[in-house]
Amino acid sequence: MRSFKFLYLAGIAAVGIAGYLMAIRTNLNAQTGASVKIKADDIGGVVASAKGPEAGVWVIAETTDLPTRLIKEVVTDDRGRYLVPDLPKAKYTVWARGYGLVDSPKVQTEPGKLVDLKPSIAPDAKTAAQYYPANYWYAMLKVPAKNEFPGTGAAGNGISANVKSQGQWLHLIKTDSCESCHQLGNQYTRTIPAMFANFDSPAQAWMRRVQSGQAGNAMVGGLNQLGPERATAEFGDWTNRIARGELPAGAPARPQGMERNVVITQWDWADQKAYLHDEISTDKRHPTVNANGLIYGSPEESRDYLPVLDPVHNSISQVKIPYRDPDTPGQPAPLQASPVWGDEAIWDSHTTVHNPMFDQQGRLWYTSRIRAASDPDFCKAGSSNPSAKQTPLDRSGRQLAVYDPKTKQTAMIDTCYSTHHLLFAEDADNTLWTSSGGGGGVVGWLNTKTWDQTHDAAKSQGWTALVLDTNGNGKRDAYVEAEQKVLTAPSGESLGTSSAISAPADSAHDTRLNAAFYALAIGTDGSIWGSVLGFPGGVVRLTPGSNPPETTLAEYYEVPFNNPKAPVWGFSPRGMDIDRNNVAWVALGSGHLASFDRRKCKGPLNGPTALGQHCPEGWTLYPTPGPNFKNVTDSGSADSHYYDWVDQWDTLGLGKNTPIITGNGSDSLIALVNEKFVVMRVPYPLGFFAKGMDGRIDDSKAGWKGKGVWTTWGTRTPFHSETGKGTTAKVVHFQIRPDPLAN
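Every chain is numbered on its own, with residues counted from 1 as its sequence reads. Residue-level local features of this predicted model are given only where pLDDT is at least 70; pairs of side-chain atoms are given and counted only at 80 or more, and the full residue set underlies all totals for whole chains, interfaces and linings. Hydrogens and water are ignored here; the side-chain numbers use all heavy atoms of the structure.

### Observations regarding the packing of helix H5 (residues 202-209) against helix H7 (residues 228-243)
The relative placement of two packed helices comes down to the angle between their axes together with the axis-to-axis distance. Axis lines are fitted to C-alpha atoms, over the contacting stretch for helices. Their N-to-C directions set the angle, which ranges from 0 to 180 degrees. Put simply, DSSP marks the helices as runs of H or I at least four residues long and the strands as runs of E at least two long, and each gets a number from the N terminus on. Two elements in contact, H5 and H7, have axes separated by 7 Å at closest approach and are oriented at 105°. In terms of their interaxial angle, H5 and H7 are classed as roughly perpendicular. Every residue of H7 that contacts H5 at Pro202, Ala203, Trp206 and Met207 is listed here: Pro228, Thr232, Ala233, Phe235, Gly236, Trp238, Thr239 and Asn240. Roughly parallel refers to an angle under 35 degrees, roughly antiparallel to one over 145, roughly perpendicular to one between 65 and 115, and oblique to any angle outside these ranges. Residue contacts are defined here by distance: any two heavy atoms, one from each residue, within 4.5 Å place the two residues in contact.

Written as structure tokens, this is what we have:
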């Protein structure tokens, strides 16, 4: 009996010890990532700091073993677990990054491995803030108070007399000038390079720094619009306060909810002195075109080649861009030496390719300069061309080209009108509509069916002025001519300083707008939409009619500003797109994503009172996430939004007709889902700055893996990013998986 009792108790003890040991092993297994199920091409594990598992932080896997650099980034779940899926065979450097932390030590590993990562808690607020997006730092800039406007010039408060309101100042320090080409608030721009450290004042240092490089003239022009005395003083004060230790007032939130399901893949393309404006992966009307195919980019002022990415084989190549005439203009010399490149002229483009687009056949169309500015005779007064009879044109800054990947041949197409963005209509002629960037006074189109049949540029193209039906009779009549006084950059892009209504309306005549399109969108009803830069700026709806250009009419809708009928005011559109319900979505310089629904308009849409502010009820403004500037109390944010795009076909996985805006100050793309923003940040390298984007379906049966949104780093200064000189522009692929551990 005694021996049985002893054996029984011993058995209980053995079971207890075994259970204890099993609990230890289970806990250790959880800590080493055993709870993450990976495949041979995944890397997974747990991210934990001294405080325990870290939720909502990024894990970054980077390799240079492939033909081009590849970076893949994911977010941890609520237990700190992560899974980086579908990695090509290579050696990877893996580390964790998150707000409130210091990056974990970098670990060398390979797919098929479980790797735990151990970031440190940031020791102080200054260390933590080094990882914040640029807009948190840029929001520290002191914007002149409302009562200082209008400006009184150099002899007064230093603000240009042309700047009438605080809003006008804001649109110039954001995407209509200062942030149209690069991010402000990143580490490079919020500090003063040593090259400028010995000037007598921070203001003088800023005046000299903006003169640097081949864009110096454009940047000085931006200061002159603001008033250089006040602008340099405020920028100098900003960097001076940061140098003394001032920090952002708030901290960004870590990714939450759907934001933790984002998978980001980046590939290097181009060279370290080039920059990229846009990319294209498919026909935007048919997102299965070019499935799994090559991605093409536009290097604008920097290079005369199209960079090409093969995302299947992780390799890059180039397509040489031809231009027709030897006197095609090139790039200016640097205005002053740069801290990064010295006196070197790093850009050498003649073609200044701005925007590419696939057609239904898989051909690549793009806006490209092929000659000097003077137009051919068929464009000018006295020509028999129907468009020239209506609106003769003497100059254009950029034309068109088409590249066929099958034959590897390029055709150049001479256009009378300047081109900037381009987009195919859903019509029998596959009409290619183009914007001009805001200057030139017309909107142009190319009938690609006629072009394919004839290769006759004069016969295939048309253009029109923007004419409002201000006499209200429903048709285009003789109109009051508006002198086209749109101040433009050398590329033809509007500087956003002009009023679209420059002549008083005449109830007996129609009225021409002093404007042309910057952004471009095409409705399912055949309407053509474009944005008008400036203050407050607006959108135009163009109806071609039965016989364009003679029948083409425009409607103009300004962003509601200083309008008592509007609950929220905004200003300065730039990018825009349209959904399948013909609702326009617009990126605003005031720090909003806005929608305009024409169906909500209550008053007449034409006639002598339909001059812009006649439909505030059609607008809905959504202030974007993040802080606003010091001294700014109106709705909006300090984030900068260059362009937007509507995912009509659910290529990302957030639903059809999802609008996505570029967060050019927040290292992100930002989607509006059920009237709430989903922020998809690129955590490394800091400084992500996109322009255009598109979505492609590679395999409709493969779920989230078979689709995604493509974009590129659109900044003109990739060397301002976290990784500095030598950084190349990158193609970026965004995908949304069902959960943070899906593989």
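### What about the state of the cysteines?
We call a pair of cysteine sulfur atoms a disulfide when they lie within 2.5 Å. Applying the stated rule across the entire model yields 2 disulfides. Between Cys379 and Cys416 runs a disulfide, and the two sulfur atoms are separated by 1.9 Å. Between Cys379 and Cys416, the S-S dihedral sits near -75°, and the bridge is therefore left-handed. Here Cys416 lies in the loop between strand E20 (409-413) and strand E21 (422-424) and Cys379 lies in the loop between strand E18 (364-368) and helix H8 (386-390), a separation of 37 residues in the sequence. Of the residues examined, Cys379 reaches a relative accessible area of 0% and is grouped as buried. Paired through a disulfide, Cys601 and Cys615 show a sulfur-sulfur distance of 2.1 Å. Linking Cys601 and Cys615, the disulfide has an S-S dihedral of approximately -100° and is accordingly described as left-handed. Of this pair, Cys601 sits in the loop between strand E34 (592-596) and strand E35 (619-623) while Cys615 sits in the loop between E34 and E35, placing them 14 residues apart in sequence. Relative accessible area decides the class of each residue, using a 1.4 Å probe on protein chains only: under 20% of the type maximum gives buried, over 50% gives exposed, and in between gives partly exposed. Residue Cys601 is classed as buried on the basis of its relative accessible area of 16%.

### As for the environment of Arg260
Checked against the element boundaries, Arg260 lands in the loop between H7 and strand E12 (262-268). Along the backbone, Arg260 and Tyr82 are 178 residues apart, and their C-alpha atoms lie at a distance of 9.8 Å. With sequence-adjacent residues up to four places away left out, Arg260 is seen in contact with Ala55, Gly56, Val75, Thr76, Asp77, Asp78, Pro255 and Pro740. Within the local environment of Arg260, its side chain forms a polar contact with the backbone oxygen of Pro255, the two atoms lying 2.9 Å apart. Any N or O atom pair separated by 3.5 Å or less is treated as a polar contact, with the protein-specific requirement of one donor-capable and one acceptor-capable atom, and with residues adjacent in sequence counted only for side-chain atom pairs.

### What about the pattern of salt bridges?
For this document, the term salt bridge refers to a Lys or Arg side-chain nitrogen within 4 Å of an Asp or Glu carboxyl oxygen. Under the definition given, this model contains 36 salt bridges. Between Glu54 and Arg254 there is a salt bridge, with the nearest N and O atoms lying 2.8 Å from each other. With a gap of 200 residues between them, Glu54 in the loop between strand E3 (52-53) and strand E4 (58-63) and Arg254 in the loop between H7 and E12 connect regions that are remote in the sequence. Of the residues examined, Glu54 reaches a relative accessible area of 8% and is grouped as buried. Residue Arg254 is classed as buried on the basis of its relative accessible area, which comes to 18%. Asp86 is the salt-bridge partner of Lys705, the closest N and O atoms lying 3.1 Å from each other. Taken as a pair, Lys705 in the loop between strand E40 (693-697) and strand E41 (707-712) and Asp86 in the loop between strand E6 (81-84) and strand E7 (92-97) lie far apart in primary sequence, 619 residues in all. Of the residues examined, Asp86 reaches a relative accessible area of 26% and is grouped as partly exposed. In the salt-bridge network here, residues are joined through shared partners; they are Arg324, Asp325, Arg371, Asp375 and Asp414.

### So, the sheet that holds strand E22 (residues 431-434)
Remark on secondary structure: sheet strands pair via backbone hydrogen bonds, oriented parallel or antiparallel. Strand order in the open sheet made by the 4 strands is E21-E22-E23-E24, with antiparallel pairing throughout. Where the open sheet ends on each side, the last strands, each with one partner, are E21 and strand E24 (461-465). Taken over all neighbouring pairs, the strand axes of this sheet differ in orientation by 25° on average, direction set aside. Relative to E22, E21 is paired through 3 bridges, and the arrangement is antiparallel. Counted as the bridge partner of Leu422 is Thr434 from E22. Think of it this way: DSSP has to see at least two bridges between two strands before they count as a pair.

### Points about the nonpolar core
Nonpolar core, defined: a set of buried Ala, Val, Leu, Ile, Met, Phe, Trp, Tyr and Cys residues in which side-chain atoms within 4.5 Å join the residues together. Counting 49 residues, the largest nonpolar core has Trp365 and Trp433 as the members making the most contacts within it. When near neighbours in sequence (up to four residues on either side) are disregarded, Trp433 contacts His421, Leu422, Leu423, Ala425, Val443, Gly444, Trp445, Leu520, Ile522, Ile528, Leu542 and Pro544. Counting 37 residues, the second-largest nonpolar core is a separate cluster that includes Leu141, Ile159, Val210 and Phe629.

### A few points about unusual backbone geometry
Along the chain, Phe149 connects to Pro150 via a cis peptide bond; the corresponding omega equals 0°. With a phi close to 50°, His455 is a non-glycine residue in the positive phi region. By the secondary structure assignment, His455 is in the loop between helix H9 (448-454) and helix H10 (457-460). Accessibility expressed as a relative area gives 48% for His455, which makes it partly exposed. Its identity is not glycine, yet Asn657 carries a phi of approximately 65°, on the positive side. With respect to the secondary-structure elements, Asn657 resides in the loop between strand E36 (644-647) and strand E37 (658-663).

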